[in-house]
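Remarks on the overall topology
This is what each chain is made of:
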Amino acid sequence: MPPIVNSLLENDLYKFTMWQALLHSHPEAQTEYEFVCRNAPSYPLSELKADVERELDHLCTLAFGDEELLYLRSLRFMKSDFVDFLTVFRFQRKFITVVTDGPTLRIRAIGPQVHVMGFEIFVLYIVNELYFRRFDQQVALVEARRRLQEKIYLLQNFGKEAARKNPFEFFDFGLRRRFSAAWHEEVLVTLAREVPQYFTGTSNVYLAKKYGLTPIGTMAHEYLQAYQSFGVRLRDFQKAALEDWVQEYRGDLGIALTDVVGMDAFLTDFDLYFAKLFDGLRHDSGDPVEWGEKALAHYARLRIDASSKRLVFSDALDLPRALSLYRHFADRALTGFGIGTNLSNDTGIPALNIVMKLMACNGQSVAKLSDSAGKTLCRDETFLAYLRQVFHHPVLK
């Protein structure tokens, strides 16, 4: 079989944007990332060890091509010195290890953050594609195409509804958990052809370049989590992260992620200054309607016209749920919907719920206090309890 990774550009946009910001602000940070499967696979992932090792060996031989670097330079928020760094960047095999623990596959990347943070998305879609290769491909693709056509029919029927104040826009966030590279590409091409009025882009930078789509993404949890170890008072880490983002991007990439220590704690830090500077907020855990109402109420308290702000939803979405949320909020704010697994891996075969998360930075544990039970990740229960206390975050059950 050909290698799974063929281009270092085939990564999520927010990896590049966070990478640039952290290279400029904290290039010395030392980190640990760990692969976790949150659900039960159909067979032990430990069986994939040798294949994962081979794919990582190949990944570490790749470099950015001249056309890829030129494309990154064309994005106005990518700075020249960062792209210059990428011209000489190579993944170092010594920084990532793969072992097994009974049926469990354990993958850890340990080293300078600016050298190991990029492994995450590649590891996830390597494991995912290797895993699904053991299922009947033709049967899966027949069902996947049927389901994709149902999505297109749903959108075509939605187009008959009365227009609302703001348009419906959705985008692909499915790189990390896709069924395969070929299917992911087919999905994007089909959506761009059949429903271009609704499908507005992809997080996959390689496919955005290849098909002239808009690359989409700003920040993920690891960016804010890292600031828990950067020497600021723990209570102030979100404000420090948001301030550095503002200084790095000067008005570009203005969607802030809200659930690293919960929406309530985020809004306490998201004062008038940040609310004016950022274009909107992204939801990734907890009840999305409750989250959206809290966001709109917060803008109202600050006397900011919410109709100029964007609410982006990205937590385990499918199209029916996205359309329902759109109908609820579209007359009061701009909206956007990042749909991942339900676009790139809706085949009838149960999907893997895999992540590769930042677990420690500069020798200190870091954590995400999710607004959804089961999404909180931290190895250090003492630090987790302290973080809950500082931010008044409840234990979710």
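As the structure is a computational prediction, the values presented were derived from the model and not from experiment. (Residues numbered from 1 in each chain as written. Predicted model: local features only at pLDDT ≥ 70, side-chain atom pairs only at ≥ 80, totals over all residues. Heavy atoms only, no water.)

1. With respect to unusual backbone geometry
In plain terms, the rule: Under the scheme used here, helices are H or I runs from DSSP no shorter than 4 residues and strands are E runs no shorter than 2 residues, and both carry numbers assigned from the N terminus. Using a 1.4 Å probe on the protein chains alone, a residue whose accessible area is under 20% of its type maximum counts as buried, one over 50% counts as exposed, and one in between counts as partly exposed.
For Arg 250, which is not glycine, the phi torsion reads 50° and is therefore positive. Counting through the fold element by element, Arg 250 comes out in the loop between α11 (237-249) and β6 (255-257). In this structure, Leu 253 takes a positive phi of about 55° despite not being glycine. Residue placement: Leu 253 occurs in the loop between α11 and β6. Classification of Leu 253 by relative accessible area gives buried; the value is 13%.

2. Observations regarding the sheet that holds strand β3 (residues 104-112)
To be explicit about the condition: Think of it this way: DSSP has to see at least two bridges between two strands before they count as a pair. Between two residues, a contact is recorded if the distance between any of their heavy atoms is within 4.5 Å. Only the stretch in contact is used when a helix axis is fitted, and all axes are lines through C-alpha atoms; the angle between N-to-C directions ranges over 0 to 180 degrees.
One open sheet holds the five strands; their spatial order is β2-β3-β1-β10-β11, and the pairing between them is antiparallel. This sheet does not close on itself; its edge strands, each paired only once, are β2 (96-101) and β11 (364-365). For β2 and β3, the ladder comprises six bridges, and the chain directions are antiparallel. Opposite Ile 96, over in β3, you have Ala 109 as the bridge partner. Contacting β1 (30-37), β2, β3 and β10 (354-361), helix α6 (residues 119-132) runs over the sheet at an angle of about 150° to β10.

3. Structural notes on the packing of aromatic side chains
Convention followed: Any two of the Phe, Tyr and Trp rings considered here, Trp counted by its six-membered ring, make a pair once their centres fall within 6.5 Å; the pair's planes then place it as stacked at under 30 degrees, edge-to-face at over 60, or tilted in between. Charge over a ring is defined by NZ of Lys or CZ of Arg lying within 6 Å of the ring centre and within 35 degrees of the ring normal.
One pass over the structure, following the stated rule, counts 38 aromatic pairs. For the ring pair Phe 89 and Phe 91, a centre distance of 4.9 Å and an interplane angle of 80° mean the geometry is edge-to-face. A single burial state applies to Phe 89 and to Phe 91, both of which are buried. Lying over the aromatic face of Tyr 125, Arg 178 brings its terminal NZ or CZ to 4.3 Å of the ring centre.

4. Digging into the packing of helix α7 (residues 137-158) against helix α8 (residues 181-194)
We count it as follows: By definition in this entry, angles of less than 35 degrees are roughly parallel, angles greater than 145 are roughly antiparallel, angles of 65 to 115 are roughly perpendicular, and the rest are oblique. In this scheme the handedness of a crossing depends on how the near helix is turned from the far one: anticlockwise by less than a right angle means left-handed, clockwise means right-handed.
Following both chains from N to C, one finds α7 and α8 inclined at 25°, their axes separated by 11 Å at the closest point. Regarding the angle of α7 to α8, the classification is roughly parallel. When the axes of α7 and α8 are compared, the crossing they make is right-handed. Every residue of α8 that contacts α7 at Leu 141, Ala 144, Arg 145, Leu 148, Ile 152 and Gln 156 is listed here: Trp 183, Glu 186, Val 187, Thr 190, Leu 191 and Glu 194.

5. Considering the sheet that holds strand β4 (residues 170-172)
Overall, parallel pairing links the six strands, which are arranged β5-β4-β9-β8-β7-β6 in an open sheet. At either end of the open sheet lies a strand with only one pairing partner, and these are β5 (199-202) and β6. With strand direction ignored, the average angle separating the axes of adjacent strands in the sheet is 25°. Along the sheet face, helix α15 (residues 319-329) touches β4, β8 (310-313) and β9 (334-339) and points at about 170° away from the line of β9.

6. Overview of the state of the cysteines
Stated formally: Note on disulfides: each one is a pair of cysteine sulfur atoms within 2.5 Å.
Under the defined criterion, the tally for this structure stands at zero disulfides. A disulfide-free cysteine, Cys 37 has its sulfur positioned 20 Å from the sulfur of Cys 378, the nearest such atom. Cys 378 provides the cysteine sulfur closest to Cys 361, a residue in no disulfide bond, and the two sulfurs are 13 Å apart.

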